[in-house]
Amino acid sequence: MKKSRKILLASALLIAVISAFALLVVQSSIIPRRPFSAPETSYHSWDGIFSSPQPISIHTYSTGMMQTDLSGIMNLAHEKAADIEDVVVEIPVTTSIIHHQELGAYLIDAGLDSSYTNNPYGTTRGILVKGFLGKGSQEPNTSIAAILERKNIQLQGIWLTHLHPDHTAGIVDLPKHIPYVVGEGERYLNFRFFMQSDHLAGIKALHEIDFTKGVDLPPFGKGVDLFGDGSFWAIESSGHSKGHVMYFINGVDEQVIVTGDACNDQYQFDSGIGPGYFSSDPEKAQKMLESIIMFKERYPEVRLVFGHDL
Ligand SMILES: [Zn+2]
């Protein structure tokens with residue numbers, strides 16, 4: 001066989017193997033994407049937003065616990081972390097229910113589904129699970145499904161800070177006909193045979209928030225007025241993940257920022273040490289944490305709900 005023919009054959013074989021791999025393993029993570037159609041914005045600055053609180057409230061719940069390396073959630077290479085040892089820590093996996101007087105109930109992040117009551121890995125299976133995935137645990141009747149049933153809540157939609165499994169697991173138990181909204185470019189990893197959760201199975205599309213059309217909300221980047229009445233905002237906060245979103249609730253009783261994993265807990269906030277190796281861009285994640293600290297100094301009356309704290 002001629003050398004050029006051999007190369008051609010080898011290339012064709014390689015392409016076939018890669019295609020088969022993609023089809024068999026990676027394809028399970030592909031969900032159709034649609035742009036989130038944001039209403040006309042009502043306010044153009046923090047002062048404007050704060051001067052007009054709306055009838056919206058938020059309650060946060062724990063749906064179970066999850067083990068993780070401290071270095072995953074906290075950058076132990078940070079100069080302030082010299083004395084901090086990398087240990088396995090247990091963190092609460094939370095969900096927040098927001099209630100708008102006219103528009104109804106929504107979730108921010110889905111928490112854990114009920115499979116965690118008797119399986120430490122929930123619905124996740126595959127050859128990498130035992131070696132790489134932290135164990136979860138859950139008291140009976142504390143899953144997202146149990147919370148919604150107990151409170152007799154009909155959800156109108158789901159807002160996600162990002163698509164890491166500890167924020168998507170509960171989707172397994174949620175209705176699928178309602179809108180699911182994420183930041184633009186946020187990825188969901190699901191690898192058949194290796195690490196497969198199928199948390200997004202059954203969802204028709206992910207609606208992506210486009211921040212380029214938002215308003216400037218310093219010290220953060222852009223914000224999008226999600227309901228068009230200034231009550232509920234998405235804030236661009238990539239760093240922990242590519243399309244990470246924080247949410248701001250402009251309630252009459254209180255004003256709250258849900259930080260997601262841009263800040264894991266009070267300890268992270270107090271230390272100023274940014275998110276760890278789970279982050280897609282630790283340098284950006286560090287800057288994001290500094291913006292949150294700066295915001296809280298400027299607006300101490302705003303309550304912060306951290307990604308893994310209660
Ligand atoms: Zn998380």
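Conventions used here
- Residues numbered from 1 in each chain as written.
- Predicted model: local features only at pLDDT ≥ 70, side-chain atom pairs only at ≥ 80, totals over all residues.
- Heavy atoms only, no water.
- Helix = DSSP H or I, 4+ residues; strand = E, 2+ residues; numbered from the N terminus.
- Rg over C-alpha atoms; globule rule 2.2 N^0.38 Å.
- Contact = heavy atoms within 4.5 Å.
- Areas by Shrake-Rupley, 256 points an atom, 1.4 Å probe, with all protein chains shown as cover.
- Lys, Arg positive; Asp, Glu negative; His and termini not counted.
- Charge placed at Lys NZ, Arg CZ, Asp CG, Glu CD.
- Donors = N, O, S within 2.8 Å, 3.2 Å for Na, K, Ca; no water.
- Buried < 20%, exposed > 50% of the residue type's maximum accessible area, 1.4 Å probe, protein only.
- Pairing = 2+ DSSP bridges.
- Domains from an automatic or database assignment.
- Core = buried A, V, L, I, M, F, W, Y, C linked by side-chain atoms within 4.5 Å.
- Salt bridge = Lys/Arg side-chain N within 4 Å of Asp/Glu carboxyl O.

This next bit is on the overall build of the protein chain. Counting its secondary structure elements, the protein chain contains 8 helices and 14 strands. Against the 2.2 N^0.38 benchmark of 19 Å for 310 residues, the protein chain shows a C-alpha radius of gyration of 21 Å, consistent with a compact globule. Over its C-alpha atoms, taken along the principal directions, the protein chain stretches across nearly 80 × 45 × 40 Å. Considering only residue pairs separated by 6 or more positions, the protein chain has 69% of its internal contacts joining residues 24 or more positions apart. Surface summary for the protein chain: the accessible area is close to 15,000 Å², and the carbon and sulfur share equals 56%. Averaging the positions of the 24 positive and the 35 negative side-chain charges in the protein chain gives two centres separated by 15 Å.

In this structure, Asp 166 (OD), His 167 (NE2), Asp 261 (OD) and His 308 (NE2) serve as the protein donors to the zinc ion, at separations of 2.0 to 2.2 Å. Coordination of the zinc ion draws on donor residues from a single chain, spaced D-H-x93-D-x46-H in sequence. Taken together, the residues Asp 166 in helix α6 (residues 165–168) and Asp 261 in the loop between β13 (255–260) and α7 (266–271) connect sequence positions 95 residues apart. Neither Asp 166 nor Asp 261 differs from the other in exposure class; each is buried.

Attention now moves to the sheet that holds strand β4 (residues 104–108). Sheet architecture is open: 8 strands sit in the order β1-β8-β7-β6-β4-β3-β2-β5, paired in mixed fashion. The outermost strands of the open sheet, each flanked by one partner alone, are β1 (33–35) and β5 (136–137). Summarising the sheet, strand β7 (residues 180–183) and strand β8 (residues 206–209) pair through 4 bridges and their orientation is parallel. What sits directly across from Tyr 180, in β8, is Leu 206.

Partitioning the protein chain into domains gives domain 1 (1–30) and domain 2 (33–306). In this structure, domain 1 and domain 2 have C-alpha centres spaced 38 Å apart.

Time to look at the nonpolar core. Of all hydrophobic cores here, the largest spans 22 residues; its most connected members are Trp 46, Phe 220, Phe 248 and Ile 257. Contributions of two or more residues to this core are made by α2 (46–50), β11 (232–236), β12 (245–250), α8 (282–298) and β14 (303–306). Considering every element that reaches this core, the biggest residue donor is α8, with 4 residues. When sequence neighbours within four positions are dropped, the list of residues in contact with Phe 248 reads Trp 46, Ile 49, Phe 50, Ser 231, Phe 232, Trp 233, Ile 235, Gln 255, Val 256, Ile 257 and Val 302.

What follows covers the sheet that holds strand β10 (residues 222–225). Spatial strand order, β9-β10-β11-β12-β13-β14: 6 strands in an open sheet with mixed pairing. Of all the strands in the sheet, just β9 (215–216) and β14 have a single pairing partner and so form its edges. Here β9 runs beside β10; their pairing, made up of 2 bridges, is antiparallel. In the strand pairing of β10, Asp 216 is matched with Lys 222.

In this structure the tally under the stated criterion is 5 salt bridges. For Arg 125, the salt bridge identified is with Asp 198, shortest N-O distance 3.1 Å. Of this pair, Arg 125 sits in the loop between β4 and α4 (129–132) while Asp 198 is found in the loop between β7 and β8, placing the two residues 73 residues apart along the sequence. The shortest N-O distance in the salt bridge between Asp 216 and Lys 222 comes to 3.2 Å. Given a relative accessible area of 24%, Lys 222 falls into the partly exposed group.

Turning next to unusual backbone geometry. Backbone phi values are negative for most residues with the exception of glycine, while trans is the configuration of most peptide bonds. With an omega dihedral of 10 degrees, the bond running from Pro 218 to Pro 219 counts as a cis peptide bond. With respect to the helices and strands, the residue Pro 219 is situated in the loop between β9 and β10. Look at Asp 109: it is not a glycine, yet its phi comes out positive at around 65 degrees. Counting through the fold element by element, Asp 109 comes out in the loop between β4 and α4. Even without glycine at this site, Asn 152 takes up a positive phi of about 50 degrees.

Turning next to the pairing of strand β2 (residues 56–69). On any regular strand, side chains alternate: one points to one face of the sheet, the next to the other face. When β2 meets strand β3 (residues 88–100), the two strands line up antiparallel, connected through 12 bridges. Within the sheet, the bridge partner assigned to Ile 58 lies in β3 and is Ile 98. As paired strands, β2 and β5 are joined by 2 bridges and run antiparallel to one another. From the neighbouring strand, Met 65 faces β5, where its bridge partner is Ser 137.

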